[in-house]
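So the chains spell out like this:
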Amino acid sequence: MRSLWRIFWLELLALGRGGTFAILLALALGWVLVAPHLIVADGTAEGARALLIQYGLGGVFVLLMVSLLAAATGSIAAEREAKRLQLTEVRPVSGRVIFLGKYLALLFTGAVVLASSAGVILAKVGDISRPCSHVLRPVMESPRSEAEKAYEGYMQSPDTPKEVKQAKREAVIRLLEQRARDRYETVRTNQLARWSFAPVTATNLSVRLHFSGQFNLRETVSGEIAFGAAKGRIDGQSQTALIAPLLGAADGQELTFVNQGPVPLQFRPRQDIELLIPADAFGRNLLRATLELLAVLAATIAFGLFLGAALSRPVAMFTAMVLLLIGELGPSVAEQYPDQLETNRIDRLGLMISRAVAGVTQPFSQLTPIDSLIADDCVEMRETVEALAGDAVLLPLIFALLAGLSPRSTRSRV
């Protein structure tokens, strides 16, 4: 433990003397203060708040991810190649201890910069007590299960294209899974629609619906909505998120909606129907979101250190940046590239790599906590704890073990 503390302190001093810490802090705080004046909002207070959270906190997170990943890839590799590891090893220690000491120093740097930026955002937003809500969605079978059940009927349908029938089963399942995820329901005028939820007993509930009219035009939305004994009304325009407070105590598990507007309404049950249950305040929600972002940074730092322990510094940095780029683009490629076009080996190989990287890096490529903050959705404590336990503790320990087993390990020879 003493050796770990010394490695941590030496790395922290190196970050301070080299100016890395001061530069990151200055850039982060400067960006949070300047970004709202550089990016045009919609002119409303809510738009300015959303812009500050998304581009302020999101921009700092991206800055830290790229900077700390680059610092991590060079931290061990540069010392090894310059033969300075003996200076770092104040006593004979293993490569795992060196790895973890440097990891904790880089993580501490990221935590201070991220927390400082979040503090500035909290001060600028002002309303610390603004409430957030738990979000529940209808209880439905998974898109994968629905796709597998629909597969046989889809393949036997005369309307299914011949090239699809000749495609591999997994490719067709992916198509049907995406359809299930984006499947729309239509509620016609005076029609009653029902959706099942997990049992809820609460007061002050709200319902948030995302509508689209026919031909995706802006239409008038009007209707009655109820959850158990709690009732409310929806009035507004489609193509916007409409929130209806429910009056009365709710004790049930079925949401009903009667379309009283002039046109049919379309929406995706898995994505567009949300039951909002009051939770705590924005200040606590921001804290949980910051911890989730810190967990992502922790996993990124640990991966960079592992590359630096296993590869030379230029190769490690190049590999890290390429994988970071693929991780950002992978989900879009995997989601948007049509499976029908998998007609040659290059397409199949590219999609296979993109899907594999997207699956591994999905938690790191989506700023889900930031989206939740903007929408006043509660960042769940369970998810935050799982992220910290997995990304900030378990994953770094695994990478430390692998780094210690690497042929280019930093294990002391003293």
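Residues numbered from 1 in each chain as written. Predicted model: local features only at pLDDT ≥ 70, side-chain atom pairs only at ≥ 80, totals over all residues. Heavy atoms only, no water.

Draft legend 1. A look at the sheet that holds strand 4 (residues 206–210). Across the sheet, which stays open at both edges, the 4 strands sit in the order 1-11-4-8 with antiparallel pairing between neighbours. Of all strands in the sheet, those with a lone pairing partner are strand 1 (131–136) and strand 8 (241–245), marking the two edges. Put simply, the sheet's adjacent strands are angled 35° from each other on average, direction ignored. Looking at chain direction, strand 4 and strand 8 are connected through 5 bridges and run antiparallel. Looking at the pairing, Val207 lines up with Ala244 of strand 8. In the packing of helix 10 (residues 282–310) onto the sheet, contacts are made with strand 1 and strand 11 (273–281), and the angle to strand 11 comes to roughly 100°. (Pairing = 2+ DSSP bridges. Helix = DSSP H or I, 4+ residues; strand = E, 2+ residues; numbered from the N terminus. Axes fitted to C-alpha atoms, helices over the stretch in contact; angles between N-to-C directions. Contact = heavy atoms within 4.5 Å.)

Draft legend 2. Broad picture of the nonpolar core. Counting residues in hydrophobic clusters, the biggest one holds 47 residues, and the most contacted among them are Leu57, Leu64, Phe99, Tyr103, Leu114, Ile301 and Leu305. For this core, the secondary structure elements donating two or more residues are helix 2 (20–38), helix 3 (45–81), helix 5 (95–125), helix 10, helix 11 (313–336), helix 13 (368–375) and helix 14 (381–405). Here Leu114 is in contact with Leu57, Val60, Leu64, Thr290, Leu293, Leu294 and Leu297, once residues within four sequence places are set aside. Counting 27 residues, the second-largest nonpolar core is a separate cluster that includes Ala202, Ala230, Ala244 and Val263. (Core = buried A, V, L, I, M, F, W, Y, C linked by side-chain atoms within 4.5 Å. Buried < 20%, exposed > 50% of the residue type's maximum accessible area, 1.4 Å probe, protein only.)

Draft legend 3. Just helix 8 (residues 169–181), in detail. For helix 8, spanning 13 residues, the distance from its first C-alpha to its last is 18 Å, which sits close to the expected 18 Å at 1.5 Å a residue. Residues of helix 8 that are buried: Ala171, Val172, Ile173, Leu176, Glu177 and Ala180. Here the buried face of helix 8 lies against helix 6 (143–156), helix 7 (162–165) and helix 9 (269–272). (Expected span 1.5 Å × (residues − 1).)

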